[in-house]
Amino acid sequence: MIADMHCHVDLYPDPVQIARVAAQDNVWVLAVTTTPKAWTGTKQRLSNFRNVEVALGLHPELAHVRGAEISFWESLLPKAPYVGEIGLDGSSQYRDHRQIQLKIFQRILTGCKEAGGKVLTIHSRGAATEVLETLEKSPGCGLAILHWFTGTKSELDAAKRLGCWYSVGPAQLRSTSGAQRVAAMPRSRVVLETDGPFAKYQNRALRPSDVIDAIEVIAGLWGISSDEARSQVECNQEEIWRFAQKS
Ligand code: MN
């Protein structure tokens, strides 16, 4: 079963429909959330779907307006094997809020560490170095998946040293630079994502089943068949699921 490891299911007009189509297509989905309130609501709404897990998030772009919810986030953590979307955003609109972003991110990683480690899906746009430095200071926080990683070559080298994972999708693979970055990632650490409904293709929001499109591109980058690429990715997913089961 192929997986979309980073999708904002709750932000589509009809989340239940998205989950249902994914189930029909035999696609597993990690539904990331941007606030702890969204986690409780989404979990309830999608509780019938065995192909969906909901990750407990507090998005860096919301840190300055929703940061006060960190205590609520912490209170929910014992019930959440998956955490995200979390991280730092260094792009121009959010750069002014980097202090509060960092404070929240550090508190989240500390919580995960104290809980014995979680599966984390992490945003690092324009802040890859800072994200990696923060992760390095929180050993034991869990299995870190860098979502849509666009760091430099040296930032990717730093991520490799930390043993990070990567979720990559059709939108990221469309650009030459994005594809080059993915080609340099360790094959045993690559899984798929859509980042829908934010990520779009031909003016349509990507949906979980669209991760299939990424397989062919990755196979080309790796110089192997699509079947082999799919097996490798599925094997990688299994490792993440096993980690989550322990947490
Ligand atoms: Mn996202």
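Just above, that's the structure.
Only a predicted model underlies this, so the values are computations on that prediction, with no experimental measurement involved.

**Q** I'd like a rundown of the coordination of the manganese ion, residues and numbers included.
**A** Distances from the manganese ion to its protein donors, His6 (NE2), His8 (NE2), Glu85 (OE) and Asp195 (OD), fall within 2.3 Å. In the primary structure, the donors to the manganese ion are separated according to the pattern H-x1-H-x76-E-x109-D. Note that His6 is positioned in strand β1 (residues 2–7) and Asp195 in the loop between β8 (190–192) and β9 (200–201), a separation of 189 residues in sequence. The exposure class assigned to Asp195 is buried, which follows from its relative accessible area of 8%.

**Q** How would you sum up the sheet that holds strand β3 (residues 52–55)? Please name residues and give values.
**A** Pairing is parallel across the open sheet formed by 3 strands, whose spatial order is β1-β2-β3. Strands at the two margins of the open sheet, each flanked by one partner only, are β1 and β3. For this sheet, the mean angle separating the axes of adjacent strands, direction not counted, is 15 degrees. The pairing of β1 with strand β2 (residues 27–32) spans 4 bridges and is parallel. Bridged to Asp4 within β2 is Val29. Together, β1 and β2 form the strand contacts of helix α11 (residues 226–246), whose direction differs from that of β1 by roughly 60 degrees.

**Q** With reference to specific residues and values, describe the packing of aromatic side chains.
**A** Enumeration over the complete set of coordinates arrives at 3 aromatic pairs. Relative to Tyr166, the ring of Phe149 lies with its centre 6.2 Å away and its plane at 65 degrees, an arrangement referred to as edge-to-face. You can see Phe149 sitting in the loop between β6 (142–147) and α7 (153–161) and its partner Tyr166 sitting in strand β7 (residues 165–168), a full 17 residues away along the chain. Like Tyr166, Phe149 is buried.

Rules and cut-offs
- Residues numbered from 1 in each chain as written.
- Predicted model: local features only at pLDDT ≥ 70, side-chain atom pairs only at ≥ 80, totals over all residues.
- Heavy atoms only, no water.
- Donors = N, O, S within 2.8 Å, 3.2 Å for Na, K, Ca; no water.
- Helix = DSSP H or I, 4+ residues; strand = E, 2+ residues; numbered from the N terminus.
- Buried < 20%, exposed > 50% of the residue type's maximum accessible area, 1.4 Å probe, protein only.
- Pairing = 2+ DSSP bridges.
- Axes fitted to C-alpha atoms, helices over the stretch in contact; angles between N-to-C directions.
- Contact = heavy atoms within 4.5 Å.
- Phe/Tyr/Trp six-rings, centres within 6.5 Å; stacked < 30°, edge-to-face > 60°.

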